[in-house]
Amino acid sequence: MEKDAKIYVAGHRGLVGSAIVRNLEAQGFRNLVFRTHAELDLTDYRKVGAFFQNESIDYVFLAAAKVGGIMANSSYPAEFIKENLMIETHVIDWSYKTGVKKLLFLGSTCIYPKFAEQPIKETELLNGQLEATNEAYAIAKITGIKMCQSYNAQYGTHYISVMPTNLYGPNDNYDYMTSHVLPALVRKFYEAKMNHDPYVVVWGTGRPKREFLHSDDLADACIYLMNHYDGNEIVNIGVGKELTIRELAEKVKEVIGYTGDIHFDSSKPDGTPRKIVDVTKLHALGWKANISLDQGLKRTYQDFLNTLSKVGN
Ligand SMILES: NC(=O)C1=CN([C@@H]2O[C@H](COP(=O)(O)OP(=O)(O)OC[C@H]3O[C@@H](n4cnc5c(N)ncnc54)[C@H](OP(=O)(O)O)[C@@H]3O)[C@@H](O)[C@H]2O)C=CC1
Ligand SMILES: C[C@H]1O[C@H](OP(=O)(O)OP(=O)(O)OC[C@H]2O[C@@H](n3cnc4c(=O)[nH]c(N)nc43)[C@H](O)[C@@H]2O)[C@@H](O)[C@@H](O)C1=O
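Note that the structure is a prediction, hence the values are computed from the model and not measured. (Residues numbered from 1 in each chain as written. Chains lettered and ligands numbered in written order. Predicted model: local features only at pLDDT ≥ 70, side-chain atom pairs only at ≥ 80, totals over all residues. Heavy atoms only, no water.)

1. Here's the deal with the packing of aromatic side chains
Here the structure, examined in full by the defined rule, presents 13 aromatic pairs. Aromatic pair Tyr151 and Tyr155: ring centres 5.2 Å apart, planes at 75°, arrangement edge-to-face. With Tyr151 and Tyr155 both in helix H5 (residues 135-155), this residue pair falls 4 residues apart, about one helical turn. Residue Tyr151 is classed as buried on the basis of its relative accessible area of 13%. Positioned above the aromatic ring of Phe80 is the side chain of Lys66, whose terminal nitrogen or guanidinium carbon lies 5.3 Å from the ring centre. (Phe/Tyr/Trp six-rings, centres within 6.5 Å; stacked < 30°, edge-to-face > 60°. Helix = DSSP H or I, 4+ residues; strand = E, 2+ residues; numbered from the N terminus. Buried < 20%, exposed > 50% of the residue type's maximum accessible area, 1.4 Å probe, protein only. Lys NZ or Arg CZ within 6 Å of the ring centre and 35° of its normal.)

So, in structure tokens, the structure goes:
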């Protein structure tokens, strides 16, 4: 990407979008354009068209989406599939109609079959049943991938698709019901420590395994791939390490310095048992993750505390 190129970061205030903006600005890219959700609702085809026609954008990072953890996905599947299909369709189609040079689409590792061979290779896509708790969202993400690949095939566009594993970092969502596990546990253990609660409730059995990538690593990978990858196939982005939810809870408990107990609520869904991704392709393209979970957890807890002090909690 040329330093004076006009770059649109859709979803620039989110966990991923804000990390991409921080990285681009640190690298000296100054011609960035963004709109908040209130300024431009990407589910409105006409308004998205007017924006793209007025801005003459060169590159797009499509990090806007309706996103949530296992409870949000299983509670609101209609909203997840509808809004994500609309956002993808509108941004991808108007990118084509207005001659965007390159677009990076953010998928997710939830697109892979529930019982895919682990670590999961990109070739596992559509090779089996999806995890029920986030099937609607996964179908929307798979559609986004297929849209990029279809536009590339028919129109000669350069739309690349990346599949990040579970993410965490600054500007994450800490809402108890709609967040992902890591931010939820940071908040739960912090509040239990402040309130001297005797235990913290962790959802599920604690047995599922997850892989966690810091959003600053993801942003770096996205910008790297925008500059160095132009293939039609999807690329996994991960760290190549996994741990159980129980082990994660123990780590968060230690970072926050909580001394009470951990109780598991097995009435809550576990979701997919494992989803560690194979990162051979990513490494072959020349990029590797740098931030370990222990380092990332400490940074995330500090960001969480800074956010609290800002909102005066
Ligand atoms: N978080 C994770 O663990 C993972 C995320 N991903 C993917 O990364 C991408 C970004 O996720 P993440 O940063 O975590 O999500 P966030 O919810 O943090 O950010 C999403 C952003 O999109 C905006 N947005 C949502 N709907 C609309 C809309 N209709 N019009 C305009 N803007 C909208 C949100 O604005 P507002 O909040 O104001 O509505 C928000 O700024 C997504 O595609 C997600 O699927 C992939 C793997 C893992
Ligand atoms: C990135 C990926 O993320 C989502 O998939 P997920 O990884 O299953 O989501 P999750 O982070 O919410 O849960 C991971 C595990 O953690 C357990 N768990 C324990 N205690 C809490 C808890 O307090 N909150 C949450 N959310 N989970 C908890 C929870 O029971 C589950 O076993 C997709 O919806 C989709 O968004 C997607 O793409």
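2. Here's the deal with the state of the cysteines
Counted under the stated rule, the structure contains 0 disulfides. Free cysteine Cys110: the closest other cysteine sulfur is in Cys148, separated by 15 Å. Take Cys110: its relative accessible area is 7%, and that puts it in the buried class. Residue Cys222 stays outside any disulfide, its sulfur separated by 13 Å from that of Cys148, the closest cysteine. Residue classification places Cys222 among the buried residues on the basis of a relative accessible area of 0%. (Disulfide = S-S within 2.5 Å.)

3. Considerations on the pairing of strand E3 (residues 59-62)
Neither face of E3 is exposed, since Tyr59 and Phe61 on one face and Val60 and Leu62 on the opposite face are all buried. Direction of pairing for strand E1 (residues 7-10) relative to E3: parallel, over a ladder of 4 bridges. In the strand pairing of E3, Ile7 is matched with Tyr59. The pairing of E3 with strand E4 (residues 102-106) spans 4 bridges and is parallel. Across the sheet, the residue bridging to Val60 is Leu103, located in E4. (Pairing = 2+ DSSP bridges.)

4. Some points on helix H1 (residues 15-26)
End to end, H1 covers 17 Å across 12 residues, agreeing with the expected 16 Å (1.5 Å per residue, within 8%). H1 sits mainly inside the fold: 9 of its 12 residues count as buried. Residues Leu15, Val16, Gly17, Ser18, Ala19, Ile20, Val21, Asn23 and Leu24 constitute the buried set of H1. Gly28 sits one or two residues past H1 and shows a positive phi near 95°. (Expected span 1.5 Å × (residues − 1).)

5. Here's the deal with the UniProt feature "binding site: substrate" (unreviewed entry) in the chain
This chain's UniProt record puts "binding site: substrate" (unreviewed entry) on Lys188, Trp203, Arg210 and Asp270. Classification of Trp203 by relative accessible area gives partly exposed; the value is 21%. Once you skip the residues sitting within four places of it in the chain, Trp203 turns out to touch Ile70, Met71, Tyr176, Met177, Lys188, Phe264, Asp265 and Lys268. Within the element layout of this structure, Asp270 appears in the loop between strand E12 (261-265) and helix H9 (280-284). The partly exposed category is assigned to Asp270, whose relative accessible area is 27%. At a separation of 2.7 Å, a polar atom in the side chain of Asp270 contacts the side chain of Thr205. (UniProt positions renumbered as here; feature names shortened; annotations may be inferred. Contact = heavy atoms within 4.5 Å. Polar contact = N/O pair within 3.5 Å; in protein donor to acceptor, adjacent residues only side chain to side chain.)

6. Quick word on the nonpolar core
Membership of the largest hydrophobic core comes to 73 residues, with the highest contact counts inside it found for Ile7, Tyr8, Leu24, Phe52 and Phe61. In terms of nonpolar packing, the next biggest core, distinct from the first, is built from 24 residues, Tyr168, Tyr190, Leu248 and Val252 among them. (Core = buried A, V, L, I, M, F, W, Y, C linked by side-chain atoms within 4.5 Å.)

7. Details of the packing of helix H4 (residues 77-97) against H5
To describe two helices that pack against each other, one gives the angle between their axes and the distance between the axes. Between H4 and H5, whose axes approach to 8 Å, the crossing angle comes to 15°. In terms of their interaxial angle, H4 and H5 are classed as roughly parallel. In the crossing of H4 with H5, the sense of the turn from one axis to the other is right-handed. Seen from H4, the contacting residues are Pro77, Phe80, Ile81, Asn84, Leu85, Glu88, Thr89, Ile92, Asp93 and Tyr96; seen from H5, they are Ala136, Tyr137, Ile139, Ala140, Lys141, Thr143, Gly144, Met147, Cys148, Tyr151 and Tyr155. Split into classes, the residues belonging to the contact of H4 with H5 amount to 14 nonpolar, 4 polar and 3 charged. (Axes fitted to C-alpha atoms, helices over the stretch in contact; angles between N-to-C directions. Parallel < 35°, antiparallel > 145°, perpendicular 65-115°, else oblique. Left-handed = near helix turned anticlockwise from the far one by under 90°. Nonpolar A, V, L, I, M, F, W, Y, C, P; charged D, E, K, R; others polar.)

8. Focus: unusual backbone geometry
Pro119 follows Gln118 through a cis peptide bond whose omega is -10°. Phi is positive for Asn171, close to 65°, though the residue is something other than glycine. Counting through the fold element by element, Asn171 comes out in the loop between strand E6 (166-168) and helix H6 (181-195). Within the chain, His196 stands out as a residue other than glycine whose phi angle is a positive 55°. In this fold, His196 is placed in the loop between H6 and strand E7 (199-203).

9. Things to note about the pairing of E1
The two faces of E1 match: Ile7 and Val9 on one face and Tyr8 and Ala10 on the other face are all buried. Bridging between E1 and strand E2 (residues 32-33) involves 2 bridges; their strand directions are parallel. Following the sheet pairing, Ile7 is matched in E2 by Leu32. Since E1 and E2 lie parallel, the crossover through H1 that links them has a hand, and here it is right-handed. (Right-handed = clockwise from strand over helix to strand, strands pointing away.)

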